[in-house]
Structure formats: C-alpha cells, structure tokens
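What the coordinates show
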Amino acid sequence: MHLEQIPKNKVSYEKTRDIVNARFNIAFVYRRCDTCSICRELAVKIGIIQQTLQNVTSASDSQINVQLPSKLRMLNFEKEVHLKQAETFYSDIM
Ligand SMILES: [Zn+2]
C-alpha cells in the first residue's frame, strides 16, 4: 500500500538537484575535499608533527627542531595543492 504511492520511476540526482536549486534556493555544494584518503592521510601526518612539535622542548633535539617544521611546511603545501586540484576538478564537472 505504501509502496504503491511512491513513483516507480526514480528521479536522477541531477534532476533532483536542479529542482531543489530552482525551487528552494538550496545549493548542492561539494565539501571542499575534506574526506578523501589523501586529505585524511595529510591531516594525520600534519597532526602528528604538530603534536610532536608541541611536545618538544626548545633545545631538546635540534634535528627535530629543524626537520619537523620543514616537513610540516611541505605537507601543508602538498595539502594546499591537493585542495586546489580538487576545487578545479569539481568546478569543471559542475
Ligand atoms: Zn582530498
């Protein structure tokens, strides 16, 4: 009985998006790539380094004090490039 009231032909995602956009002024927005495996991996690496740097006392280990900040800059750069690529990809297909 309940199933009989539901239309048999399914509406596509695109059609639903267009209708919702047009009638309700609600935009379908892709989140800025914060859930892909690359983002998660970078976030974990960045988090570990930040945590380590917080726990390092100023003169405890010069190698850590030199290497980690540069590694952190590299990872942040990598993340920025990745997000830009993702943004370009999504704006091209939308
Ligand atoms: Zn990503």
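Residue positions are given per chain, counted from 1 along the sequence in the order it is written. Only residues with pLDDT of at least 70 get local features here, since the model is predicted, and only at 80 or more are side-chain atom pairs given and counted; chain-wide, interface and lining totals rely on the full set of residues.

1. Things to note about the overall build of the protein chain
Only DSSP runs of H or I reaching four residues or more are called helices, and only runs of E reaching two or more are called strands; each is numbered from the N terminus. The number of helices and strands found in the protein chain is three helices and zero strands. Shown N-terminal to C-terminal, the secondary structure of the protein chain runs as helices and strands in the order α-α-α. The burial criterion counts other C-beta atoms lying within 10 Å of a residue's C-beta, which is placed from the backbone; the residue is buried at 20 or more, exposed at 12 or fewer, and partly exposed between these limits. Within the protein chain, the proportion of its 94 residues that are buried is 1%.

2. Things to note about helix 3 (residues 62–93)
Here helix 3 contains 32 residues, and its C-alpha end-to-end distance of 47 Å stays within 8% of the 46 Å for a straight helix at 1.5 Å per residue. The element helix 3 is largely exposed, with a buried count of zero among its 32 residues. A helix's residues, less one, multiplied by 1.5 Å, set its expected span.

3. Thoughts on the packing of helix 2 (residues 37–55) against helix 3
At their nearest, the axes of helix 2 and helix 3 sit 10 Å apart, and the two run at 155° to each other. The orientation of helix 2 with respect to helix 3, classified from their angle, is roughly antiparallel. Read as a crossing pair, helix 2 and helix 3 show a hand that is left-handed. Residues Ile38, Cys39, Leu42, Lys45, Ile46, Ile49, Thr52 and Leu53 of helix 2 touch helix 3, and the partners they reach there are Leu68, Lys71, Leu72, Leu75, Asn76, Glu78, Lys79 and His82. Each residue receives one of three labels: charged for Asp, Glu, Lys and Arg, nonpolar for Ala, Val, Leu, Ile, Met, Phe, Trp, Tyr, Cys and Pro, and polar for the others, Gly being one of them. Grouping the amino acids of the contact of helix 2 with helix 3 by side-chain chemistry returns nine nonpolar, three polar and four charged. Axes, fitted as lines to C-alpha atoms, cover a helix only where it is in contact. Angles between the N-to-C directions of the axes lie from 0 to 180 degrees. Should an angle lie under 35 degrees it is considered roughly parallel, over 145 roughly antiparallel, and from 65 to 115 roughly perpendicular; all remaining angles are considered oblique. Left-handed describes a crossing whose near helix is turned anticlockwise from the far helix by less than a right angle; the clockwise case is right-handed. Once C-beta atoms have been placed from the backbone, residue pairs whose C-beta atoms lie within 7 Å are recorded as contacts.

4. A short note on the confidence of the model for the protein chain
Interpretation of the predicted coordinates at a detailed level should be avoided for regions scoring low in pLDDT. In this model, the protein chain carries a mean pLDDT of 78, and residues with pLDDT of at least 70 account for 67%. No element of the protein chain has a lower mean pLDDT than helix 1 (residues 13–24), at 69, and none a higher one than helix 2, at 93. Note: pLDDT gives the predictor's confidence per residue, expressed from 0 to 100.

5. Some remarks on the environment of His82
Tracing the chain through its elements places His82 in helix 3. Each residue touching His82, except ones within four places of it in the same chain, is listed here: Ile38, Cys39 and Leu42.

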